[in-house]
Amino acid sequence: MKEILFNIPYIVEKQARYAEQAIISKRIAGDGKFTKMVHGFLEREFNTKKALLTTSCTSALEMASLLLNLKEGDEVILPSYTFVSTANAIVLRGARPVFAEVQPDTLNIDPKDIERKITKKTRAVFPVHYAGVACDMDSIMDIAGNYKLKVVEDAAQGVTAKYKGQFLGTIGDIGCYSFHESKNYSCGEGGAILINSDKDLMERAEIIREKGTNRSKFFRGEVDKYTWTDIGSSYLPADILAAFLLGQLEDRHLINARRKTVFDYYCESLKPLEEKGLLQLPTIPKECQPNFHIFYILVRSEETRNGLIDRLKEKGIQSFFHYVPLHLSPMGKKLGYEKGMLPLTEDLSQRLLRLPIYPDLSMTDLEYIVGSIYQIIQ
Ligand SMILES: *Cc1c(COP(=O)(O)O)cnc(C)c1O
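Below, the structure is looked at part by part.

Pairing is possible between side chains of opposite charge, provided their charged atoms come close. What the rule picks out here adds up to 24 salt bridges. Two residues, K286 and E287, come together in a salt bridge whose shortest N-O distance is 3.3 Å. A relative accessible area of 79% places K286 in the exposed class. Several salt bridges share partner residues, and in doing so they unite K50, E206, R220 and E222 into one network.

Quick look at the structure:
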């Protein structure tokens, strides 16, 4: 029987070669030659002032919360429909995550609900660009400006995607990327933090990332010894990982083009089922240039969705649902949330199904997946 995996990371020989160079150089700790190359690459290609590699997007988000000095009594607005790390970064500082509703077309945070949830305690908004499709950033930035809130983009899924010509992660005060195996560009475990305009934050980000020391300044010869100057942790990855990642980032156009082919094929071939009202395809607003990170469909009910997952599995095809809304999780309940508070999020999360999408997914496999969906769903 066929076996089609949900994701296979894109790995080419060049990546092993770069990693080998890092090993041979005997400079394998963080902030070596390849890390600097990746920083330069991100700053140049994505047009941001400061990019720093981190060990994950989770650690980039944690750094963001440290940089904003979030503390007990503060509130941060974010979607409930996201990965746990977006919320953990807030909770770890003792601040309160305030979950907002999503928009039904993109499953991205609804600016109107952000505005409704602002209180005197609100300090920041953490929008999440779901599936690599941008949030309504114009509205979010306007609201943030009006209420003096900081914006931290969780662009874990949005690397290389754009909103009105600007790269995701470079629009808010801070952007966070993931280079986890499951993402479009990866080095196994990795991430980056982007500081887009504030010079003080740039300086402090270097310090927090290096255990609260001014070691980065020392290496640049700006101070004659390095010392403990602030709180911090160890958020920098080994140079071997940066080398491996560079090989992928260099191939980003190819990776993107192949993912687009898969995405477009699904959209075109499943269109007749949408027209019959059997499923709903993803919406890409005209301001958004996506990176085709996820291909999902919305079906009519949770039972249909779960049945589809089981039947596809019988045919050797891996497909997945996605987030259990955070407000319905045991942690969410501890924070005082309950079922019924975010009806749209609850409904959509139950009906969403993700299909395999990756650069090496063959046309034969794609035809088999779509053929199987037709057999099951009609
Ligand atoms: C993957 C993901 C993260 C976490 O990324 P890591 O690099 O694994 O820490 C955070 N937020 C979102 C929205 C994600 O999809």
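In this structure, S85 sits in helix 4 (residues 84–91). The exposure class assigned to S85 is buried, which follows from its relative accessible area of 7%. At a separation of 2.8 Å, a polar atom in the side chain of S85 contacts the side chain of T58.

What follows deals with the environment of F41. Following the sequence through the fold, F41 ends up in helix 2 (residues 33–46). F41 gets classed as buried once you look at its relative accessible area, which sits at 8%. Sequence separation of F41 and Q318 is 277 residues, and the distance between their C-alpha atoms is 34 Å. Discounting chain neighbours no more than four positions away, the residues touching F41 are F46, L246, L249, E250 and R252.

With that settled, the discussion passes to the sheet that holds strand 12 (residues 295–299). Reading across from one edge, 10-12-13 is the order of the three strands in this open sheet, with antiparallel pairing throughout. Lying at the two open borders of the sheet, with one neighbouring strand each, are strand 10 (279–280) and strand 13 (352–355). Note: strand 10 against strand 12, two bridges, orientation antiparallel. Residue pairing for strand 12: Q280 is matched across the bridge by L298. Sitting on the sheet, helix 13 (residues 343–351) is in contact with strand 12 and strand 13, with an inclination near 40 degrees to strand 13.

A word on helix 9 (residues 239–250). Every α-helix winds through 3.6 residues per turn, so residues three or four apart in the chain are directed the same way. Compared with the 16 Å implied by 1.5 Å per residue over 12 residues, the 17 Å span of helix 9 between its first and last C-alpha is a close match. Burial runs high along helix 9: nine of the 12 residues are buried. Those residues of helix 9 hidden inside the fold are in contact with helix 1 (13–24), helix 2, strand 1 (50–54) and helix 10 (252–275).

The next subject is the environment of Y10. Among the structural elements, Y10 can be located in the segment before helix 1. With a relative accessible area of 6%, Y10 lands in the buried category. Residues within four places of Y10 in sequence aside, it is in contact with Q15, Q248, D251, L254, I255, R258 and P359. Engagement of the side chain of Y10 in a polar contact is seen with the side chain of D251, the distance being 2.7 Å.

Attention now goes to the site of the ligand. The local shell around the ligand holds 14 residues, among which C57, T58, D154, S178 and K183 are the closest. Take Q157: an N or O atom from its side chain is 2.9 Å from an oxygen atom of the ligand. In the environment of the ligand, an oxygen atom lies 3.3 Å from a nitrogen or oxygen atom belonging to the side chain of K183. Calculation on the ligand without its partners gives an accessible area of 390 Å², and the protein chains cover 93% of this total. Given that more than half its atoms are within 2 Å of the pocket grid, the ligand belongs to the largest pocket.

For the rest of this paragraph, the subject is the packing of aromatic side chains. Aromatic ring pairs: the centre-centre distance and the angle between the two ring planes describe each pair. For the structure shown, the criterion picks out 15 aromatic pairs. Ring centres of Y81 and Y130 lie 5.2 Å apart, and the angle between their planes is 65 degrees; on these two criteria the pair is classed as edge-to-face. With Y81 in the loop between strand 2 (75–79) and helix 4 and Y130 in the loop between strand 4 (122–125) and helix 6 (137–147), this residue pair connects regions lying 49 residues apart in the sequence. Note on Y130: relative accessible area 1%, which makes it buried. An aromatic cluster is present here, built from F46, F167, Y177 and F179 joined pairwise through their rings. For K2, the ring lying beneath its charged end belongs to Y368, and the centroid distance is 5.7 Å.

How each quantity is defined
Residues numbered from 1 in each chain as written. Predicted model: local features only at pLDDT ≥ 70, side-chain atom pairs only at ≥ 80, totals over all residues. Heavy atoms only, no water. Salt bridge = Lys/Arg side-chain N within 4 Å of Asp/Glu carboxyl O. Buried < 20%, exposed > 50% of the residue type's maximum accessible area, 1.4 Å probe, protein only. Helix = DSSP H or I, 4+ residues; strand = E, 2+ residues; numbered from the N terminus. Polar contact = N/O pair within 3.5 Å; in protein donor to acceptor, adjacent residues only side chain to side chain. Contact = heavy atoms within 4.5 Å. Pairing = 2+ DSSP bridges. Axes fitted to C-alpha atoms, helices over the stretch in contact; angles between N-to-C directions. Expected span 1.5 Å × (residues − 1). Near = heavy atom within 4 Å. Areas by Shrake-Rupley, 256 points an atom, 1.4 Å probe, with all protein chains shown as cover. 1 Å grid on protein atoms, 1.4 Å probe; cavity = no way out; pocket = protein on both sides within 12 Å on 5 of 7 lines; lining within 4 Å. Sits in = over half its atoms within 2 Å of the grid points. Phe/Tyr/Trp six-rings, centres within 6.5 Å; stacked < 30°, edge-to-face > 60°. Lys NZ or Arg CZ within 6 Å of the ring centre and 35° of its normal.

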